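# Breakdown of the fold
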Amino acid sequence: MALVSFQYLAGLQIMKQFYELFWGLFRIKVVLRSPSGNIRIPLGDPPTRIPFCTALRKHPTGERLCEQCDRDHVRQARAKRCSLRYHCHIGMTEFIVPILLDNEIIAFLIAGQIMDMKPTEEDWIRTQTVLAERGLNIRHLREAYFKISVIHPGIQRDIMAQLELFGNYVANAQDQILQVESHGRPFLVQKAQSYIKKNFSETISLIDVAAAAGTSIRNLSRVFIRETGMTVLDFIHHVRILHAQEQLQTTNKSCLQIALESGFGTVQQFNRIFKKTTRTTPSMWRRSRNEDCTESSMC
């Protein structure tokens, strides 16, 4: 059974390093999409996004159109189980590459937002017209539009091949590492982690986890930190924060609701642990993922 998941890939430092390399070489951003297409995680920092697309996504209609375009092509790539090179709803070229593990798609790499050739004034007018018909006025984005990167289609095919090689290699290599670690890890750690993952939304005590693992609190704490590099409490927070991030990105729930559903006792505790883990607040993290923050003043 494969151990590497979509969320695991999103947290790998090598994915972020790969993003920086691609951005430096091609001015292409890379986004990780969940197998369903519902979760979108940029692999780099917000300032390095494409200015034209960033501005477009800030408008609710633009965000909806871009999301729908991405999800439509995710469905196509999932059905065909192969990489796609396509033109988005405003005519830019994008690539979508499935990451396969044990013959199952665990994530997609989406990159592009480039032009096959330098856009003309006619292209700009046509894009304006198409978006105006959908309720979007983009006249103020003219300068950003003409700064979109231009890459020859032949080079684009090489880029797609690199994405395929990188994504599948990282997933399979990491899974092999986890498989080796899993087989060498004491069974009590596996049982403790399994219990936490199943019950993270409830109140969990060290007594509960130790009982589920069939050992004492002292022995559990000693073995767990030796084998995982983190305390039991750190692992509980890790699982809860991953769930909270998914909820922040895919729902309009308030921070309070997400905090309680993720197993945190209060929104204040949630904010404190989230900031300690991610170095930003839940609402800022949500905004950085181009999601409208609808939180109360407590968020």
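Cut-offs applied
- Residues numbered from 1 in each chain as written.
- Predicted model: local features only at pLDDT ≥ 70, side-chain atom pairs only at ≥ 80, totals over all residues.
- Heavy atoms only, no water.
- Helix = DSSP H or I, 4+ residues; strand = E, 2+ residues; numbered from the N terminus.
- Buried < 20%, exposed > 50% of the residue type's maximum accessible area, 1.4 Å probe, protein only.
- Lys, Arg positive; Asp, Glu negative; His and termini not counted.
- Salt bridge = Lys/Arg side-chain N within 4 Å of Asp/Glu carboxyl O.
- Pairing = 2+ DSSP bridges.

## A closer look at the side chain of R240
One can find R240 in helix α11 (residues 232-250). It is E202 that comes nearest to the buried, bridge-free R240 among opposite-charge side chains, at 8.2 Å.

## Thoughts on the pairing of strand β4 (residues 93-101)
Counted residue by residue, β4 has eight buried out of nine residues, so it is predominantly covered. For strand β3 (residues 84-87) and β4, the ladder comprises four bridges, and the chain directions are antiparallel. Among the inter-strand pairings, L84 is bridged to a residue of β4, identified as I96. Hairpin geometry of β3 and β4 is characterised by an intervening segment of five residues between the two adjacent antiparallel strands and by a positive phi of about 95° at G91. Of the strand pairs in this sheet, β4 and strand β5 (residues 104-114) are connected by nine bridges, and their pairing is antiparallel. Within β5, the residue paired with E94 across the bridge is G112. Linking two consecutive strands that pair antiparallel, namely β4 and β5, is a turn of two residues; a positive phi of about 55° is found at D102 within it.

Read these as geometric descriptors, not functional statements.
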